[in-house]
Amino acid sequence: MSETARRKTDQSLSAPNAEGNVWPRQVCPAFTPRVGIIAPIPECWYCQYADFHLDRPRALEVGVCEWPKKVLG
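Below, the structure is looked at part by part. (Residues numbered from 1 in each chain as written. Predicted model: local features only at pLDDT ≥ 70, side-chain atom pairs only at ≥ 80, totals over all residues. Heavy atoms only, no water.)

**Side note on the overall build of the protein**
Working step 1: When you go through the protein residue by residue, the secondary structure sums to two helices and three strands.
Working step 2: From first element to last, N terminus to C terminus, the protein shows the α and β order α-β-β-β-α.
Working step 3: Within the protein, the fraction of its 73 residues that count as buried is 23%.
Working step 4: Within the protein, contacts between residues at least 6 apart in sequence are counted, and of these 25% link residues at least 24 apart.
Working step 5: Accessible surface, the protein as shown: approximately 5200 Å² in total, 54% of it carbon and sulfur. (Helix = DSSP H or I, 4+ residues; strand = E, 2+ residues; numbered from the N terminus. Buried < 20%, exposed > 50% of the residue type's maximum accessible area, 1.4 Å probe, protein only. Contact = heavy atoms within 4.5 Å. Areas by Shrake-Rupley, 256 points an atom, 1.4 Å probe, with all protein chains shown as cover.)

**Some thoughts on the packing of aromatic side chains**
Working step 1: One pass over the full model with this rule turns up one aromatic pair.
Working step 2: Ring centres 4.9 Å apart and planes at 50 degrees place the aromatic pair Trp45 and Phe52 in the tilted group. (Phe/Tyr/Trp six-rings, centres within 6.5 Å; stacked < 30°, edge-to-face > 60°.)

**Brief notes about the state of the cysteines**
Working step 1: Enumeration over the complete set of coordinates arrives at zero disulfides.
Working step 2: For the unlinked cysteine Cys44, the closest cysteine sulfur is that of Cys28, found at 6.0 Å.
Working step 3: Of all cysteine sulfurs, the one in Cys44 lies closest to Cys47, which takes part in no disulfide; the gap is 6.2 Å. (Disulfide = S-S within 2.5 Å.)

**Remarks on the sheet that holds strand S2 (residues 50-51)**
Working step 1: Spatial ordering of the open sheet is given by S1-S3-S2, a layout of three strands whose pairing is antiparallel. Here the strands that pair on one side only, and so sit at the sheet edges, are strand S1 (21-22) and S2.
Working step 2: Note that S1 and strand S3 (residues 63-65) share two bridges and pair antiparallel. Within S3, the residue paired with Val22 across the bridge is Gly63. (Pairing = 2+ DSSP bridges.)

**With respect to the pattern of salt bridges**
Working step 1: As enumerated under the stated definition, the model contains two salt bridges in all.
Working step 2: Between Asp10 and Arg25 there is a salt bridge whose closest N-O contact spans 3.6 Å. Highlighted residues: Asp10 in helix H1 (residues 3-10) and Arg25 in the loop between S1 and S2, separated in sequence by 15 residues.
Working step 3: The exposure class of Asp10 is partly exposed, given its relative accessible area of 31%.
Working step 4: For Arg25, a relative accessible area of 53% corresponds to the exposed category.
Working step 5: Lys70 is the salt-bridge partner of Glu66, the closest N and O atoms lying 3.6 Å from each other.
Working step 6: The class of Glu66 is buried, set by a relative accessible area of 16%. (Salt bridge = Lys/Arg side-chain N within 4 Å of Asp/Glu carboxyl O.)

Put into structure tokens, the structure is as follows:
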């Protein structure tokens, strides 16, 4: 992965990437920590709206933003 691509995947988002891809280190204004996180870091990896398949045998490297679907749920 090039330095430019790497930096883009680590950038903060100005708004949720609704139903789009999110990378673990990204974060947006809708960040809400997952339940049970003791010391949440404001990154998509720790956000309750990001689905990285953490409940499955193999987690995803690139997640999907489920905001606002989970909010309206």
